[in-house]
Amino acid sequence: MEKNTIIKRYGADPAQMTRTLLAYAGLAEDIGDRNKHIGLKPNLVTPTPADFGATTHPEIVAGIISYLQENGFRNITIIEGSWVGDKTSEAYEYCGYRTLCETYGVAFVDTQKDTFTERDCAGMRLNICDRVGEIDYMINIPVLKGHCQTKMTCALKNMKGLIPNSEKRKFHTMGLHKPIAHLSQGIHQDFIVVDHICGDPTFEEGGNPLKTYCVMVAKDPVLVDAYACHLLGLRTEEVPYVGMSEALGSGSTDLKNAEVLVLNDEGRVIRRLVGDQDDPYEARFATRRPPLDVAVDIDDCESCSACFAALTAALSRMTEEELKRLPRIAIGQGHRGNTGEYGIGNCCQGFTNCIPGCPPDEEDIFQTLKNTFFC
């Protein structure tokens with residue numbers, strides 16, 4: 001499979017769709033040695049079912065595992081860590097991964113419990129979980145979806161699940177985009193299977209799934225993310241870490257010279273598209289719905305995604321009139337030790353009115369703001 005190629009399939013059976021794509025792409029031949037240790041990196045950001053639009057469908061992972069095992073690969077490990085504020089062990093249970101692992105006899109590594117080592121990632125020192133170093137061939141299985149802070153998340157940002165929680169917090173103090181780009185040099189992705197079944201185009205924790213019934217495969221994570229931007233109606237420049245990753249040599253954003261192949265149920269190519277060309281089938285699903293933009297004065301200073309997502313989710317439930325009446329709200333690690341009127345999360349505990357939590361609960365934020373300002 002060429003690095004400038006993205007292969008897609010639409011349908012109702014994610015496992016079989018995935019198997020068809022892997023066979024066409026020649027994944028077994030690409031891996032080669034059957035003794036290699038293969039790592040599967042899904043997105044289990046939170047204990048939320050895949051149909052909610054946040055996490056990787058276990059059916060897709062099942063399709064990958066069954067394909068690999070039938071081709072003689074036995075050393076397979078699923079490796080992932082949820083975001084700060086949620087436990088990977090809960091997502092493992094709730095999202096169906098315990099059943100998946102028991103069915104296929106594969107191991108699961110919770111990187112929230114792993115040791116880690118500092119590595120040089122193209123001039124930036126980053127802590128990466130030690131189990132990553134044991135993987136010979138990494139298959140990334142992200143969900144294509146929106147993000148409340150970076151606007152989009154797919155292949156590149158999904159690697160954040162392979163760093164410790166302390167490093168995830170540090171990423172937010174560094175502005176997210178630059179460390180995500182450098183992480184692309186610290187963890188190599190050999191193959192990407194994109195869950196584009198029903199990712200939420202507005203929130204990384206789901207809630208507004210947009211059903212497109214698609215699975216995609218590719219070799220270049222930067223190209224995948226550039227294409228994800230295109231599908232979400234974003235310019236690549238609006239998601240800076242994509243271009244930063246390209247500049248570091250992690251891949252290409254050149255969609256004009258990329259080829260998108262669409263397969264049918266029999267695994268034959270039924271459409272060939274230029275990468276920046278609209279897919280007439282997918283256009284029916286109106287995937288260009290923009291990420292959520294709440295009209296309120298948020299003083300965000302180095303907030304973690306889980307905390308910021310809880311706030312924006314709560315705000316999205318309010319009417320336009322209510323949003324206009326809210327005060328300036330502080331959130332983020334940069335407010336530790338500061339004082340003020342209204343703050344969200346434990347980092348703002350010095351504020352007169354603070355909604356605690358790490359992260360705080362969306363319902364608590366919503367009810368507190370409603371009761372404080374509108375009763």
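Each remark here, short or long, concerns the structure printed above.
The rules behind the values
Residues numbered from 1 in each chain as written. Predicted model: local features only at pLDDT ≥ 70, side-chain atom pairs only at ≥ 80, totals over all residues. Heavy atoms only, no water. Salt bridge = Lys/Arg side-chain N within 4 Å of Asp/Glu carboxyl O. Core = buried A, V, L, I, M, F, W, Y, C linked by side-chain atoms within 4.5 Å. Buried < 20%, exposed > 50% of the residue type's maximum accessible area, 1.4 Å probe, protein only. Helix = DSSP H or I, 4+ residues; strand = E, 2+ residues; numbered from the N terminus. Contact = heavy atoms within 4.5 Å. Pairing = 2+ DSSP bridges. Axes fitted to C-alpha atoms, helices over the stretch in contact; angles between N-to-C directions. Parallel < 35°, antiparallel > 145°, perpendicular 65-115°, else oblique. Left-handed = near helix turned anticlockwise from the far one by under 90°.

**Re the pattern of salt bridges**
Inspection of every chain in the model, using the stated rule, returns 19 salt bridges. Glutamate 93 is the partner of arginine 98 in a salt bridge, and the nearest nitrogen-oxygen pair spans 2.4 Å. Each of Lys151, Arg235, Glu237 and Glu238 takes part in salt bridges that share partners, so that together they form one network.

**Focus on the nonpolar core**
Judged by nonpolar contacts, the single largest core of 48 residues is most densely connected at Val132, Leu144, Met152, Leu183, Ile187 and Met216. Breaking this core down by element, the ones donating at least two residues are strand S1 (5–10), strand S6 (124–129), helix H7 (177–186), strand S10 (191–196), strand S11 (214–218), helix H8 (221–231), helix H9 (240–247) and strand S12 (259–263). Of all the elements, H8 adds the most residues to this core, at 8 residues. Filtering out sequence-adjacent residues up to four positions away, leucine 144 remains in contact with Thr153, Cys154, Val194, Asp195, His196, Gly199, Met216, Ala228, Leu231 and Leu232. Among the nonpolar cores identified, the runner-up in size contains 40 residues, and Ala25, Ile141, Val217 and Leu261 belong to it.

**Describing the sheet that holds strand S14 (residues 298–300)**
With parallel pairing, the 4 strands of this open sheet are ordered in space as S14-S15-S16-S17. In the strand order of this sheet, the two ends are held by S14 and strand S17 (353–355), each with one partner. Here the average twist between neighbouring strands, direction ignored, is 25°. When S14 meets strand S15 (residues 329–331), the two strands line up parallel, connected through 3 bridges.

**Observations concerning the packing of helix H3 (residues 58–70) against helix H5 (residues 97–104)**
For the pair H3 and H5, interaxial distance at closest approach is 10 Å and the crossing angle is 15°. The angle between H3 and H5 places the two elements in the roughly parallel class. Pair H3 / H5 crosses with right-handed handedness. Contact residues: H3 offers Pro58, Val61, Ala62, Ile65, Ser66 and Gln69, while H5 offers Tyr97, Leu100 and Tyr104.

Worth remembering: the numbers are spatial, not functional.
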